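Structural overview for review
What follows is the residue order along each chain.
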Amino acid sequence: MEKTLVILKPDAVQRGLVGEILTRFEKVGLKIVGMKMLVPTNETLVKHYPDELGDIIGNKTKQDWDKYGVEYTESAEEIGKIILNATRDFMRSGPVLAFVLEGGHAVEVVRKLVGSTGPKDSLPGTIRGDYAHLSLGKASIARKGAANLVHASGTVEEAKVEIDLWFKPEELYEYKTAQEHLTHA
Ligand code: CDP
Ligand code: MG
């Protein structure tokens, strides 16, 4: 049994997609074991999206821009910093809904339902593929963090760290769902 962190980002809340998105996780039988609405602090977001992520973002963005012949003067490191800060700013541009889901292989299953990072490249049937179409490249040309609706922990280790960052132990609950004899082994 695994737990994973999901955050419905400000675009999901402001577009009125909370119910639609939440229902997808409930329908596959994942159990909601904690939930809260908040505007995250920059301090939380710096821990959630650490500085190291900037290098990864910078290199990916540079590759994208080179592929499409975008003109820029910044280094990959500078681009990474700009997009990382824009992502953090976007995440605190309005309230978000954070929740913890529990189930077998919850981390992997939730990532599958969410889709890939860029909505343009996310398959139909995934949350990012069904409710958005923006490309990471387009958003980064505008020096914006991509509005891709959902955050989901990438690995089991990441999930543990993120759940500790966003939730206190007493904010997580243990209970039985009416269906877990059928949805869980
Ligand atoms: O969210 P996910 O794990 O799929 O992607 P990530 O590589 O961990 O990046 C974290 C977040 O940074 C993404 O969900 C986007 O919101 C943002 N990002 C972006 O806006 N533009 C990029 N080129 C890369 C990431
Ligand atoms: Mg990630």
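These figures come from a predicted structure and were not determined experimentally.

Once that is clear, we can look at helix α4 (residues 52–67). Residue pairs spaced three or four apart in an α-helix point in one direction, given the helix's 3.6 residues per turn. The terminal C-alpha atoms of α4, which comprises 16 residues, lie 24 Å apart, in line with the 22 Å expected from a rise of 1.5 Å per residue. Along its buried surface, α4 packs onto α5 (76–91) and α8 (136–141). Trailing α4 by a residue or two, G69 shows a phi angle of about 65°, which is positive.

Close contacts around ligand 1 come from 14 residues, with K9, R111, T117, A146 and N148 the closest. Contact distances for ligand 1 include 2.6 Å between an oxygen atom and a side-chain N or O atom of T117. A distance of 2.6 Å separates an oxygen atom of ligand 1 from a polar atom in the backbone of A146. With the chains in place, 91% of the 510 Å² that ligand 1 exposes on its own is no longer accessible. Ranked by the residues each element gives to the shell around ligand 1, the list is headed by α4, at three residues. By residue class, the composition of the shell around ligand 1 is five nonpolar, five polar and four charged.

This next bit is on a negative patch on the surface. The grouping of E52, D55, E77 and E78 at the surface amounts to a negative patch. Within the residue set of the negative patch, elements represented by two or more residues are α4 and α5. Within the secondary structure, E78 sits in helix α5.

Counting 22 residues, the largest nonpolar core has F25 and F99 as its most contacted members. Elements that contribute at least two residues to this core include exactly β1 (2–8), α2 (18–27), β3 (96–103), α6 (106–114), α7 (127–131) and β4 (150–152). Ranked by the residues each element gives to this core, the list is headed by α6, at four residues. By size, the runner-up hydrophobic cluster in this structure holds 17 residues, among which are V33, L45, Y49 and W166.

Conventions we followed
Residues numbered from 1 in each chain as written. Chains lettered and ligands numbered in written order. Predicted model: local features only at pLDDT ≥ 70, side-chain atom pairs only at ≥ 80, totals over all residues. Heavy atoms only, no water. Helix = DSSP H or I, 4+ residues; strand = E, 2+ residues; numbered from the N terminus. Expected span 1.5 Å × (residues − 1). Contact = heavy atoms within 4.5 Å. Near = heavy atom within 4 Å. Polar contact = N/O pair within 3.5 Å; in protein donor to acceptor, adjacent residues only side chain to side chain. Areas by Shrake-Rupley, 256 points an atom, 1.4 Å probe, with all protein chains shown as cover. Nonpolar A, V, L, I, M, F, W, Y, C, P; charged D, E, K, R; others polar. Patch = residues over 30% accessible without salt bridge, like charges linked within 9 Å, V, L, I, M, F, W, Y side chains within 5 Å. Salt bridge = Lys/Arg side-chain N within 4 Å of Asp/Glu carboxyl O. Lys, Arg positive; Asp, Glu negative; His and termini not counted. Charge placed at Lys NZ, Arg CZ, Asp CG, Glu CD. Core = buried A, V, L, I, M, F, W, Y, C linked by side-chain atoms within 4.5 Å. Buried < 20%, exposed > 50% of the residue type's maximum accessible area, 1.4 Å probe, protein only.

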